[in-house]
Amino acid sequence: DSGSARASPEQYDIQYLTPVEIGTPPQTLNLDVDSGSSDLWVFSTEMPASSVKGQAQYDPSKSSTAKRVQDATWNITYGDNSYSEGIVYKDVVNVGGVSFDAQAVEAATAVSQTFTTDANDDGLLGLAFSTINTVQPSQEKTFFDNVASELDAALWTADLKYHKSGCYDFGVIDDSKYTGQITYTDVDSSDGFWMFDVSGYGIGNNTFQSTSFQGIADTGTTLAMLPAQVVKAYYKQVRGAKLDNSQGGYVFPCQANLPSFVYGVGNARYEIPGQYINYAPVDNDGTTCFGGIQSDAGIGFAILGDILLKSAFVVFDASENVPRLGFAKK
Ligand SMILES: O=C(CN1CCCCC1)Nc1ccc2c(c1)OCO2
């Protein structure tokens, strides 16, 4: 079995949304596929109308295959302090043609303001490791863990794009989506994340610095949060850039000509074009812009979010004893 689903960007590529069919007859919700968390949760008819502003809601009462998981609850707080909680059903879930008939569908009963204000995002589909799923008293499995044994290969791939729709594929590596070789590197999943070593970095055409640091491949995070010294060195190359704590990070004149950012995976080198690093204006007249590369200070590891992931074709491979990540140019 294998399948493919669209990943469509919201404004500024803040996140990418993927249509997911839930229940019988299928209810289609647009979810944020998030390799940085492991709960599949949805806006639902179980939450107060005041916290729903345009989102599609999962209605278990309209699904003949929905079964309540008695006494099960969940609650999750993300790195940006957004929050959701609720109850649990088992139901059919279909992503890009890959289906599982008893997936834990976590129906929200409450969400934080940031979720309510994003009318297009109907919930999340977590693809990190099931060890950090938040359902209590019995932890549930991610969609990928549930379907892995049925897939032609126990892997999924991310082909995110700059201001364009891309794809998440399940069970197959589509060789037409990348060029050259895929470079693989081992994953340390002990914290539940797709965590690996970045082997170094380079700024524009400057010499590559072979200084490795740990990071997680996180499709659910917009920006690339990197070690403070790396970020400082990058913006030193941008005239007019400054760390503006009132904005929450480095900003620069929107007209700035940004250098590219090179990152290493093993002996391979991948480049984020400078254009990708001009994330979005912070003011209405578009004079000051917010950087797509920011500091990971206080997190404990780097977060390789969409700004970085969209520069490559990425393989999330659980087919061997040790999980691994593959990167290829495209
Ligand atoms: O919170 C997220 C991503 N988050 C995923 C769920 C939807 C809303 C965005 N990323 C994140 C992860 C670690 C962080 C952080 C942000 O800010 C500081 O540390």
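Everything in this summary refers to the structure shown in the same document.

Procedures and definitions
- Residues numbered from 1 in each chain as written.
- Predicted model: local features only at pLDDT ≥ 70, side-chain atom pairs only at ≥ 80, totals over all residues.
- Heavy atoms only, no water.
- Core = buried A, V, L, I, M, F, W, Y, C linked by side-chain atoms within 4.5 Å.
- Buried < 20%, exposed > 50% of the residue type's maximum accessible area, 1.4 Å probe, protein only.
- Contact = heavy atoms within 4.5 Å.
- Salt bridge = Lys/Arg side-chain N within 4 Å of Asp/Glu carboxyl O.
- Helix = DSSP H or I, 4+ residues; strand = E, 2+ residues; numbered from the N terminus.
- 1 Å grid on protein atoms, 1.4 Å probe; cavity = no way out; pocket = protein on both sides within 12 Å on 5 of 7 lines; lining within 4 Å.
- Points joined across faces, edges and corners; volume = space filled by probe spheres on them.
- Nonpolar A, V, L, I, M, F, W, Y, C, P; charged D, E, K, R; others polar.
- Pairing = 2+ DSSP bridges.
- Axes fitted to C-alpha atoms, helices over the stretch in contact; angles between N-to-C directions.
- Disulfide = S-S within 2.5 Å.
- Near = heavy atom within 4 Å.
- Polar contact = N/O pair within 3.5 Å; in protein donor to acceptor, adjacent residues only side chain to side chain.
- Areas by Shrake-Rupley, 256 points an atom, 1.4 Å probe, with all protein chains shown as cover.
- Sits in = over half its atoms within 2 Å of the grid points.

## Concerning the nonpolar core
Turning to step 1, where the next piece is worked out: Core analysis: the largest hydrophobic core is formed by 77 residues, its most contacted members being Phe261, Tyr263 and Phe327.
Turning to step 2, where the next piece is worked out: If we skip the residues at most four places from it in the chain, Phe261 touches Tyr201, Gly202, Leu226, Val230, Tyr234, Tyr270, Glu271, Ile272, Ile277 and Ile293.
Turning to step 3, where the next piece is worked out: Counting 16 residues, the second largest nonpolar core, distinct from the first, contains Met47, Ala72, Ala108 and Val111.

## Brief notes about the pattern of salt bridges
Note that side chains of opposite charge can pair when their charged atoms are close.
Turning to step 1, where the next piece is worked out: Under the defined criterion, the tally for this structure stands at eight salt bridges.
Turning to step 2, where the next piece is worked out: Measuring nitrogen to oxygen at the nearest pair gives 2.9 Å for the salt bridge that ties Lys62 to Asp59.
Turning to step 3, where the next piece is worked out: Using a relative accessible area of 58% as the deciding quantity, one classes Lys62 as exposed.
Turning to step 4, where the next piece is worked out: Across the pair Asp317 and Arg324 runs a salt bridge whose closest N-O atoms are separated by 3.0 Å. For the residue pair Asp317 and Arg324, the accessibility class agrees, reading buried in each case.

## Points about unusual backbone geometry
Turning to step 1, where the next piece is worked out: With an omega of -10°, the peptide bond running from Thr24 to Pro25 counts as cis.
Turning to step 2, where the next piece is worked out: Along the chain, the position of Pro25 falls in the loop between strand 2 (16–22) and strand 3 (27–34).
Turning to step 3, where the next piece is worked out: Residue Pro137 follows Gln136 across a cis peptide bond; omega there is -5°.
Turning to step 4, where the next piece is worked out: Here Pro137 lies in the loop between strand 8 (123–126) and helix 2 (143–147).
Turning to step 5, where the next piece is worked out: Of note, Asp71 is a non-glycine position whose phi angle comes to about 65°, a positive value.
Turning to step 6, where the next piece is worked out: With respect to the helices, strands and loops of the structure, Asp71 is situated in strand 5 (residues 67–77).
Turning to step 7, where the next piece is worked out: A relative accessible area of 67% places Asp71 in the exposed class.
Turning to step 8, where the next piece is worked out: The phi torsion at Asn81 lies on the positive side, around 70°, for a residue other than glycine.

## Comments concerning the layout of surface pockets
Turning to step 1, where the next piece is worked out: One number sums up the size of the largest pocket: a volume of about 1100 Å³.
Turning to step 2, where the next piece is worked out: Forming the walls of the largest pocket are 37 residues, and the residues nearest its centre are Tyr78, Asp80, Gly220, Thr221 and Thr222.
Turning to step 3, where the next piece is worked out: At the level of elements, strand 3, strand 5 and helix 1 (113–116) are the ones that each hand at least two residues to the lining of the largest pocket.
Turning to step 4, where the next piece is worked out: The class makeup of the residues in the lining of the largest pocket is 15 nonpolar, 14 polar and eight charged.

## Some remarks on the environment of Ala148
Turning to step 1, where the next piece is worked out: Position of Ala148 among the secondary structure elements: in the loop between helix 2 and strand 9 (155–161).
Turning to step 2, where the next piece is worked out: Among the residues examined, Ala148 registers a relative accessible area of 16% and is labelled buried.
Turning to step 3, where the next piece is worked out: Separated by 14 residues in sequence, Ala148 and Thr134 place their C-alpha atoms 20 Å apart.

## Quick word on the sheet that holds strand 19 (residues 268–272)
Turning to step 1, where the next piece is worked out: Overall, antiparallel pairing links the three strands, which are arranged 13-18-19 in an open sheet. On the outer flanks of this sheet lie strand 13 (200–203) and strand 19, each paired with one strand and no other. Looking at each pair of strands side by side, their axes are set apart by 25° on average, direction ignored.
Turning to step 2, where the next piece is worked out: Bridge count between strand 13 and strand 18 (residues 261–265): four bridges; the pairing is antiparallel. Bridge pairing in strand 18 links Ile203 to Phe261.
Turning to step 3, where the next piece is worked out: Across the face of the sheet, helix 3 (residues 228–235) comes into contact with strand 13 and strand 18 while running at roughly 15° to strand 13.

## Focus: the state of the cysteines
A covalent bond between the sulfur atoms of two cysteines is referred to as a disulfide.
Turning to step 1, where the next piece is worked out: This model, assessed by the stated rule, comprises one disulfide.
Turning to step 2, where the next piece is worked out: Residue pairing for Cys254: its cysteine sulfur links by disulfide to Cys289, the two sulfurs lying 2.1 Å apart. Because the sign of the S-S torsion sets the handedness, a value of about 100° for the bond joining Cys254 and Cys289 places this disulfide among the right-handed ones. Placement of Cys254 in the loop between strand 17 (249–253) and strand 18 and of Cys289 in strand 21 (residues 288–291) is noted, with a sequence separation of 35 residues between them.

## Side note on the site of the ligand
Turning to step 1, where the next piece is worked out: Around the ligand, the surrounding shell consists of Asp34, Tyr78, Gly79, Asp80, Ser82, Phe115, Leu124, Gly220, Thr221, Met225, Ile299 and Ile303.
Turning to step 2, where the next piece is worked out: The separation between an oxygen atom of the ligand and a polar main-chain atom of Asp80 is 3.0 Å.
Turning to step 3, where the next piece is worked out: Within the side chain of Thr221, an N or O atom sits 2.8 Å from a nitrogen atom of the ligand.
Turning to step 4, where the next piece is worked out: When the free accessible area of the ligand is taken as 450 Å², the share hidden by the protein chains comes to 78%.
Turning to step 5, where the next piece is worked out: Cavity membership is defined here by more than half of the atoms lying within 2 Å of grid points; on that basis the ligand lies in the largest pocket.

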